[in-house]
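Listed here are the chains, written in short residue letters.
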Amino acid sequence: MEDRVSGPKLVLVFTGKRKSGKDYVTDLIQNRLGTDVCCVLRLSGPLKHQYAQEHGLDLEQLLGPGLYKEQYRADMIQWGETRRRQDPGFFCRLATRGAWQPVWVVSDARRLSDLQWFWSEFPQQTQSVRVQSSEKTRKQRGWSFSTGVDDAESECGLDSGVEFDWIITNEADAPSLEEQLQPILKLAEVVTLNTEGFSLQQRLMGDSHLTL
Ligand SMILES: Nc1ncnc2c1ncn2[C@@H]1O[C@H](COP(=O)(O)OP(=O)(O)O)[C@@H](O)[C@H]1O
Ligand SMILES: C[C@@](O)(CCOP(=O)(O)OP(=O)(O)O)CC(=O)O
């Protein structure tokens, strides 16, 4: 087990609009690397936890993919923004607390302040990744435009002004995710080589092809 004191070897910070496939892609990466090497951290986790407590809501449903969270999304955004204004790193600190794996995958950066926190805490290790899909594809996955959500910083805060290290196009007619993720998986392999390298290398070279 990696000691948290030594910190992560690679921090992949994912961003992308609703239904672009952030959870899908980050789950694929974790499946491929294994839970002993890679953890998926959600900034919205501690946010939903505290919001549910303060408002007497069902946390499991807020964390789930269904319509329940959508009823509260606009208000959660406002609530979270109040917290972030007081302390921009508040949710980043909570989400990363206790993470011990060498590769951290942060699935949901939404604002420049989220990215800045990781750049400042882990300048050598942080890589930003944008997942992009067309509106047509996102609609097929259940997205529809919602005022106060899709026109707010939560969805648009990273639309411009950041040069992402990696861009993943999550579309049926794009190169396969396996192909697009190859260099990122390779990077994870290289940075973890000293401690976890052998088993990870075996896994990446083995028969566990991504099923897309
Ligand atoms: N490449 C893909 N192939 C099949 N289903 C996908 C793909 N990408 C996303 N999905 C599906 O689309 C929906 C939205 O994806 P999700 O990862 O939850 O998006 P986000 O986290 O960006 O809101 C989910 O049901 C997910 O399983
Ligand atoms: C209040 C939020 O944290 C809600 C995020 O919920 P999810 O992370 O479940 O969102 P999607 O995966 O895009 O559907 C947004 C924010 O602005 O912090």
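Small disclaimer: the values here were computed from a predicted structure and weren't measured.

(A) Spatial organisation of the site of ligand 1. Neighbouring ligand 1 are K17, R18, K19, S20, G21, K22, D23, Y24, R141, N170 and L177. One nitrogen or oxygen atom from the main chain of D23 is found 3.1 Å from an oxygen atom belonging to ligand 1. Within the side chain of N170, an N or O atom sits 2.9 Å from a nitrogen atom of ligand 1. Here ligand 1 has 560 Å² of accessible area as a free molecule, and 64% of this is covered by the chains. The leading source of residues in the shell around ligand 1 is helix α1 (residues 22–33), at three residues.

(B) Representation of the pattern of salt bridges in the model. This structure, assessed with the given rule, holds 15 salt bridges. Between D159 and K17 there is a salt bridge; the shortest N-O distance is 3.0 Å. Here K17 lies in the loop between β1 (10–15) and α1 and D159 lies in the loop between α8 (153–156) and β5 (166–169), a separation of 142 residues in the sequence. Judged by relative accessible area, D159 falls into the partly exposed class, the value being 40%. A single network of salt bridges, built from pairs that share partners, joins R18, E70, R73 and D150.

(C) Focus on helix α2 (residues 44–55). Spanning twelve residues, α2 covers 16 Å between terminal C-alpha atoms, matching the ideal 16 Å at 1.5 Å per step. What α2 keeps buried is the set S44, P46, L47, K48, Y51 and A52. Buried residues along α2 sit against α3 (59–63), α4 (68–86) and α5 (90–96). Two residues or fewer after α2 comes G56, characterised by a positive phi angle close to 60 degrees.

(D) Geometry of the site of ligand 2. Surveying the vicinity of ligand 2 reveals 15 residues, the closest of which are K48, K69, R73, R111 and S154. The contact in question runs from an oxygen atom of ligand 2 to an N or O atom on the side chain of S44, over 3.1 Å. Contacts to ligand 2 include R111, whose side-chain N or O atom sits 2.8 Å from an oxygen atom. Among the elements of the structure, α1, α2 and α4 are those that each provide at least two residues to the shell around ligand 2. For the shell around ligand 2, the leading source of residues is α4, giving five residues.

(E) Focus on the nonpolar core. Grouped together as the largest cluster of nonpolar side chains are 20 residues, with contacts concentrated most on L12, F14, I29, L33, V103, V105 and L181. Counting residues per element, the ones that place at least two in this core are β1, α1, β2 (38–41), β3 (103–106), β4 (126–132) and α9 (177–191). For this core, the leading source of residues is α9, giving five residues. If we ignore the near neighbours within four places in the chain, the residues touching V103 are L10, L12, L33, V37, C38, C39, A188 and T192. In terms of nonpolar packing, the next biggest core, distinct from the first, is built from 18 residues, V13, A99, L115 and F118 among them.

Criteria and cut-off values
- Residues numbered from 1 in each chain as written.
- Chains lettered and ligands numbered in written order.
- Predicted model: local features only at pLDDT ≥ 70, side-chain atom pairs only at ≥ 80, totals over all residues.
- Heavy atoms only, no water.
- Near = heavy atom within 4 Å.
- Polar contact = N/O pair within 3.5 Å; in protein donor to acceptor, adjacent residues only side chain to side chain.
- Areas by Shrake-Rupley, 256 points an atom, 1.4 Å probe, with all protein chains shown as cover.
- Helix = DSSP H or I, 4+ residues; strand = E, 2+ residues; numbered from the N terminus.
- Salt bridge = Lys/Arg side-chain N within 4 Å of Asp/Glu carboxyl O.
- Buried < 20%, exposed > 50% of the residue type's maximum accessible area, 1.4 Å probe, protein only.
- Expected span 1.5 Å × (residues − 1).
- Contact = heavy atoms within 4.5 Å.
- Core = buried A, V, L, I, M, F, W, Y, C linked by side-chain atoms within 4.5 Å.

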